[in-house]
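Fold and contact review
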Amino acid sequence: PDKDNACTGIDNIAEAITLLELNNWDLVVTATGPGGAAPAGPASSSSSSSYSGSPSCPVLPSRHIVERQPRMLHFRVEYRQRSVEVVLEESSTVGEIKQILETELQIPMSKMQLKGWKSGDVLDSTLLRTLHLPKNNSLYVLTPDITPSASTSQNSALQETLNQNFLLVITHREAQRDYNLHFPGTKTIQEVKRNVSDLTNIPVRHQQWDGWPASASDDSMTLAASGISFPCHHLSVCRRSSPANAQEQTEECTDVHMVSDSEGDDFEDASEFGVDEAEIFGMGSSGCRKSPMMPENCENEGEALLHFTSEFSTRYGDCHPVFFIGSLEAASQEAFYGKARDRKLLAIYLHNDESVLSNVFCSQMMCAESIVSYLSQNFTTWAWDVTKEANKARLLTMCTRHFGSVVAQTIRTYKTDQFPLLLIVMGKRTSNEVLNVIQGNTTVDELMMRLMGAMEIFTAQQQEDIKDEDEREAREMVKREQDEAYRLSLEADRKKREAQEREEAEQVRLEQIRKEQEEEREAIRLSLEQALPPEPSEEGGEPISKLRIRTPSGEFLERRFLGGCKLQVLFDFVASKGYPSDEFKLLTTFPRRNVSDYATLPVFLRRGLGDVRLLHF
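Residue indices follow the written sequence of each chain, beginning from 1 at its first position. Local features in a predicted model are, by the rule used here, given only for residues with pLDDT of at least 70; side-chain atom pairs are given and counted only at 80 or more, and totals for whole chains, interfaces and linings are based on all residues. Values reported for side chains reflect all heavy atoms of the structure, with hydrogen atoms and water molecules removed beforehand.

The protein is annotated in an unreviewed UniProt entry as UBX domain-containing protein from Denticeps clupeoides.

Now the structure itself:
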């Protein structure tokens, strides 16, 4: 430890490891600081404060470092076919990087999108220190508002490559297992190695790779610029020889290996004594860490929940709450906005794999049959994994949108070791309210009591909502009945009006027909009247019959007829007076006979005055 302190000037081992990680485990760069200069220390009058033991460690003026030089961050920024190197202090902001790029690339800051940050998109005012960046970083610039010209077709091709997804088939030689990993072209080689470290449990500095092309000489390069095959590239990885074996091979590097491998991380060299790291942390003997409960930066919330449910079942079995598959907004709609009798509480389960309580809470509480049954009957359960910062930020955004900033701020206050959390949310008329936040350090009985307590509050509110809903439905029913009665009244009035209009139209039609018939009869009457032979005089030599015809009204019609005239003349005369033969018949008074039975005037009518009675058929 005295030698290490003399090299780095740091007594805290954890801080020393952090600095080594940030400098990619380059001890010389870590000890000398940025720019290759040893950090300045106070002048010492005694030469015993300096150390000159190990040739592998640079000799520093003093082991007590009072003031350190500002930490410098290196950025390689790619834009189309250009690459710009930017070096800034970690106290700078993202906007200062853009200002330098504006000068170098001649692109206005307003049209520039700086991508490649691990935490997602960041603001221009964000301090680089708050992003916890390594020393070397790789970023890229997008300018969607600037259309590339024909001369920049190669730049467009590079931009297209950055947007492509690469499939890396990585073989873990010790475990004899293949991993099929999808990465965007913007991922750096360093980020790929870190992800593989999570899967294989091999730290980045202990990884030995085969399959990277010769052009991939810098871990800060993006996959798009590394020269790997698209769309699929095969790689293999294994653990390098342990520091103990390396000591047997080369004595010159003994001190350096001891600093970076043994004293820097006591757990990582446990394999030298036959102990697997996974066994130390209770992760089983498979040699691989668990796959994440939810993929990072998943755009579709439904797909993320399907992955979460599948991984939850794989870890803890099929006896678990039925997680709602869909967005938080859809889960809220399902729980809060149905009929009052069908509404439920919303249980939001927030998982964090980095918490030591997660495994116990899931296996013993969330998978307990009583808890599963109670949640299924009374709650709509929605889940989210906040292990990754990007997923946690997305959750906070959703909570702010649906429940307000207070809920999001409450979630921020909980530390990792307080997870997992179970939020009980109740829907109200105006806003949604978080009734309870249950932390991971609880028991089955306590969890059930808190769920039942929340259910009592919800039941009281639900009864009020049911009463209000029933009263509202009763009012709406009365209104619907009134509206229906009014509609039926209008319909009856309409039908009555239509019937009256039809009746009036029929009367008009019948009156028109009657008039036409009367006009037709009058025309026939006039034509018959004009067609009658002249009435013979009494002084004529021919026999004459004088007939008196009694009409149905009691009036008498008298006329003289020649004795030998046809009977039709009599009918025409009667018709000319308005009594057509198809409506009336002529009967003799005595004897009572129908005159129409004769072809000519009967003999008894020819003899003189004859009485004839006109009857209606």
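What follows continues from the structure just given.
Let's talk about the overall build of the protein
Going by this rule: We count a stretch as a helix when DSSP gives it H or I for four or more residues in a row; a strand needs E for two or more, and each element gets its number in order from the N terminus. Contacts are assigned to residue pairs that have any heavy atoms within 4.5 Å of one another. Note on areas: Shrake-Rupley with a 1.4 Å probe; residue coverage comes only from the protein chains shown.
Per the secondary structure count, the protein includes 19 helices and 16 strands. Long-range pairs, those at least 24 residues apart, make up 63% of the contacts in the protein with a sequence separation of at least 6. Carbon together with sulfur atoms contributes 50% to the accessible area of the protein, which is approximately 34600 Å² in total.

What about the nonpolar core?
Threshold: What we call a nonpolar core is a set of buried Ala, Val, Leu, Ile, Met, Phe, Trp, Tyr and Cys residues that are connected through their side-chain atoms within 4.5 Å. Buried, partly exposed and exposed residues are distinguished by accessible area as a fraction of the type maximum, computed with a 1.4 Å probe on protein chains only: under 20%, between the cut-offs, and over 50%, respectively.
Counting 58 residues, the largest nonpolar core has Phe312, Leu346, Trp382, Trp384 and Leu451 as the members making the most contacts within it. When neighbours within four sequence positions are excluded, Trp384 is seen to be in contact with Met294, Glu301, Ala304, Leu305, Phe308, Tyr349, Leu350, His351, Asn391, Arg394, Leu395 and Met398. Judged by nonpolar contacts, the second largest core, of 20 residues, contains Phe75, Leu128, Leu133 and Val141.

Some details on the packing of aromatic side chains
Our working definition: Aromatic pairs are defined between Phe, Tyr and Trp rings, using the six-membered ring for Trp, whenever the two ring centres lie within 6.5 Å; interplanar angles under 30 degrees are classed as stacked, those over 60 as edge-to-face, and all others as tilted. We call a charge positioned over a ring when the NZ of a Lys or the CZ of an Arg lies within 6 Å of the ring centre and within 35 degrees of the ring normal.
According to the stated counting rule, one finds 15 aromatic pairs in the structure shown. When the centroid spacing of 6.4 Å and the interplanar angle of 65° are considered together, the rings of Phe308 and Tyr349 count as edge-to-face. Placement of Phe308 in helix α11 (residues 301–316) and of Tyr349 in strand β9 (residues 345–351) is noted, with a sequence separation of 41 residues between them. For Tyr349, a relative accessible area of 0% puts it in the buried group. Summarising the aromatic geometry, the rings of Tyr579 and Phe584 are spaced 5.1 Å apart at their centres and angled 85° between planes, so their arrangement reads as edge-to-face. With a relative accessible area of 12%, Phe584 lands in the buried category. An aromatic cluster is defined as three or more aromatic residues linked by ring pairs; in this entry it consists of Phe308, Phe312, Tyr316, Phe323, Tyr349 and Phe361. Above the plane of the ring of Phe561 lies Arg559, whose end atom (NZ or CZ) is 5.0 Å from the centre.

Thoughts on the side chain of Glu311
One can find Glu311 in helix α11. Once you skip the residues sitting within four places of it in the chain, Glu311 turns out to touch Ser291, Pro292 and Met293.

Brief notes about unusual backbone geometry
Negative phi is the rule for most residues except glycine; trans is the rule for most peptide bonds. The linkage connecting Phe419 with the following residue, Pro420, adopts the cis geometry, with an omega of 0°. If you trace the backbone, Pro420 turns up in the loop between α16 (405–413) and β11 (421–427). In this model, His132 sits at a positive phi of 55°, which is unusual for a non-glycine residue. Within the secondary structure, His132 sits in the loop between β3 (113–115) and β4 (136–142). Phi at Gln176 takes a positive value of approximately 50°, unusual for a residue other than glycine. Inspection of the secondary structure puts Gln176 in the loop between β5 (165–172) and β6 (177–184). Residue Gln176 is classed as exposed on the basis of its relative accessible area of 73%.

A word on the pairing of strand β13 (residues 544–550)
For the record, the criterion: Two strands form a pair only when DSSP identifies at least two bridges running between them.
Judged from the seven bridges that link them, β13 and strand β14 (residues 556–562) form a sheet pairing that is antiparallel. Bridging from a neighbouring strand, Lys546 pairs with Arg560 of β14.

Quick word on the packing of helix α15 (residues 389–403) against α16
As a reminder, the rule being used: Fitted lines through C-alpha atoms serve as axes, helices being fitted only where they are in contact, and the angles separating the N-to-C directions of these axes extend from 0 to 180 degrees. Gly falls in the polar group here, along with every residue not listed as nonpolar (Ala, Val, Leu, Ile, Met, Phe, Trp, Tyr, Cys, Pro) or charged (Asp, Glu, Lys, Arg).
Their axes nearest at 6 Å, the elements α15 and α16 cross at an angle of 145°. Here Leu395, Leu396, Cys399, Thr400 and Phe403 of α15 lie close against α16, whose contacting residues are Ser405, Val407, Ala408, Ile411 and Arg412. Within the contact of α15 with α16, the residues separate by chemical class into seven nonpolar, two polar and one charged.

So, α11
Along an α-helix, residues three or four apart share an orientation, since each turn contains 3.6 residues. Where we set the bar: In this scheme, a helix's expected span is set at 1.5 Å multiplied by one less than its residue total. Under this definition, polar contacts are N or O atom pairs within 3.5 Å; protein pairs additionally need one hydrogen-donor-capable and one acceptor-capable atom, and for neighbouring residues in sequence, both atoms have to be side-chain atoms.
Under the 1.5 Å per step criterion, the end-to-end length of α11 is 22 Å for 16 residues, consistent within 8% with the ideal 22 Å. Buried residues of α11: Glu301, Gly302, Ala304, Leu305, Phe308, Thr309, Glu311, Phe312, Ser313, Arg315 and Tyr316, and no others. Along its buried surface, α11 packs onto α12 (328–336), β9, α13 (358–366), β10 (379–385) and α15. The residue sitting at the N-terminus of α11 and contributing the capping side-chain oxygen is Asn300; that oxygen lies 2.8 Å from the backbone nitrogen of Gly302. Immediately beyond the C-terminal end of α11, within one or two residues, lies Gly317, with a positive phi of roughly 100°.

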